[in-house]
Amino acid sequence: MPLDELRALITRHAREAETTAIDGVLVSVAEEPAAPTASTSGTVLALIAQGAKRLVLGDRVLDYRAGQYLVASVDLPVTGQFTEASPSEPALGFGLTLRPSVIAELLLDPAAGQFPRGHRAAAAPPGIAVSNASFELIDAAVRMLRLLDRPRDLPMLAPMIEREILWLLITGDQGATVRQLGLADSSLTHVNRAVRWIRDHYAETIRVDDLARLSQMSSSAFHRSFHAVTSMSPIQFQKQIRLHEARLLLVVRPDDIAGVAYTVGYDSPSQFSREYRRHFGTPPSHDATRLRTSI
């Protein structure tokens, strides 16, 4: 069974950094369920070989387990945790960074002509979604990881298998999302411009009309598309980015709660503390202490 071999390969090649000798290919092992951790999703395929994981994005909760995969088409603020893992049966995952340039090359290939022309103007799909993995997708992941034991073949065959995996995604359940990731004029790409601007200017005041113009959409279309992709409004999205950035700053500035609040764009430290506690489940001062002792 390919899933059994995938588990064995992940176990053999896993290391703390999760990276591998193949650029963009990740493997992960977790031996126990962990507390929810705030991070950003990246644009990635994440396939579970054993165990189960939960991601929370805004008001959406996505659970996926062995034999299922998650596709993230936009770099979004998420909270994640492995929910099923133990030393005897650790959670095991395979990941592949989704590169828009490679997806675009596939879509420009004559073999992709089967897709209707209208998919370029389709409504924005969700930024994160979960589906069942096909036998072919799991088998391709297995063959990718086998190359770690064959370094001579790796430079030639890894790009071929990457294209195969992407093609299986493009033609699979999450094909609409993955296709739009490779299209410069897709609604997902337009929303992604606003996402990147908010991430780069999270401490600034934002005007939704300005973001709509940046995304080359009307205000109403931008609101619909942004919420469809991120499960949040632009203001809620900015708030989550601010809180995630504040948590990183607290590691090096644990005694400067007010300063961190102002740095990430809050006018009121008390409002910052309330929203931080609501999001992370603990006041920033307590969380800062815990983060420092865990390093």
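It should be emphasised that the depicted structure is a prediction, and the values quoted were computed from it without experimental measurement. (Residues numbered from 1 in each chain as written. Predicted model: local features only at pLDDT ≥ 70, side-chain atom pairs only at ≥ 80, totals over all residues. Heavy atoms only, no water.)

*Asks:* Got a sec to walk through the packing of helix α6 (residues 187-200) against helix α8 (residues 219-230)? Specific residues and values, please.
*Replies:* To describe two helices that pack against each other, one gives the angle between their axes and the distance between the axes. Across the interface, α6 lies against α8 with an axial gap of 10 Å and an inter-helix angle of 80°. With respect to their mutual orientation, α6 and α8 come out roughly perpendicular. On the side of α6, the interface is formed by Leu188, Val191, Ala194, Val195 and Ile198, while α8 contributes Phe222, Ser225, Phe226, Val229 and Thr230. Residues of the contact of α6 with α8, tallied by class, amount to 8 nonpolar, 2 polar and no charged. (Axes fitted to C-alpha atoms, helices over the stretch in contact; angles between N-to-C directions. Helix = DSSP H or I, 4+ residues; strand = E, 2+ residues; numbered from the N terminus. Parallel < 35°, antiparallel > 145°, perpendicular 65-115°, else oblique. Contact = heavy atoms within 4.5 Å. Nonpolar A, V, L, I, M, F, W, Y, C, P; charged D, E, K, R; others polar.)

*Asks:* Before we move on, could you go through the packing of aromatic side chains and cite the residues and values that matter?
*Replies:* The final tally for this structure, using the stated rule, is 5 aromatic pairs. Residues Phe226 and Phe237 carry aromatic rings whose centres are separated by 5.6 Å and whose planes lie at 90° to one another, so their mutual orientation is edge-to-face. In this pair, Phe226 sits in helix α8 while Phe237 sits in helix α9 (residues 234-252), placing the two residues 11 residues apart along the sequence. Of the residues examined, Phe237 reaches a relative accessible area of 0% and is grouped as buried. Clustering of aromatic rings is evident, with ring pairs tying together Tyr266, Phe272, Tyr276 and Phe280. (Phe/Tyr/Trp six-rings, centres within 6.5 Å; stacked < 30°, edge-to-face > 60°. Buried < 20%, exposed > 50% of the residue type's maximum accessible area, 1.4 Å probe, protein only.)

*Asks:* Tell me about the side chain of His13, and please be specific about residues and values.
*Replies:* Structurally, His13 is set in helix α1 (residues 2-13). On the accessibility criterion, His13 (19% relative accessible area) is buried.

*Asks:* So what's going on with the pattern of salt bridges? Residues and values would help.
*Replies:* Opposite charge on two side chains permits them to pair, given that their charged atoms come into close proximity. Enumeration over the complete set of coordinates arrives at 16 salt bridges. In this structure, Lys239 engages Glu275 in a salt bridge whose closest nitrogen and oxygen atoms are separated by 3.5 Å. Taken together, the residues span a long stretch of sequence, with Lys239 in helix α9 and Glu275 in helix α11 (residues 269-280) at a distance of 36 residues. The salt bridge partner of Asp256 is Arg253, with a shortest N-O separation of 2.9 Å. One connected set of salt bridges, linked through shared partners, spans Asp139, Arg143 and Glu164. (Salt bridge = Lys/Arg side-chain N within 4 Å of Asp/Glu carboxyl O.)

*Asks:* I'd like a rundown of unusual backbone geometry, residues and numbers included.
*Replies:* Most peptide bonds adopt trans geometry, and most residues besides glycine take a negative phi value. Even without glycine at this site, Gln216 takes up a positive phi of about 60°. Inspection of the secondary structure assignment puts Gln216 in the loop between α7 (208-214) and α8.

*Asks:* Please provide a residue-by-residue account of the sheet that holds strand β7 (residues 77-84), values included.
*Replies:* Pairing in this open sheet of 4 strands is antiparallel, and the strands run β2-β7-β4-β5 from one edge to the other. This sheet does not close on itself; its edge strands, each paired only once, are β2 (37-40) and β5 (60-65). Strand-to-strand, the axes of this sheet are offset by a mean angle of 30°, without reference to chain direction. Relative to β5, strand β4 (residues 52-57) runs antiparallel, the two sharing 6 bridges. Of the residues in β5, the one forming a bridge with Lys53 is Tyr64. Each of β2 and β7 is contacted by α9, which is oriented at about 70° to β7, the strand it contacts most. (Pairing = 2+ DSSP bridges.)

*Asks:* Residues and numbers for the environment of Leu107, please.
*Replies:* For Leu107, the location among the structural elements is in helix α2 (residues 100-108). Accessibility expressed as a relative area gives 14% for Leu107, which makes it buried. The spacing of Leu107 and Phe135 is 28 residues in sequence and 23 Å in space, taken between C-alpha atoms.

Purely geometric numbers; function is a separate question.
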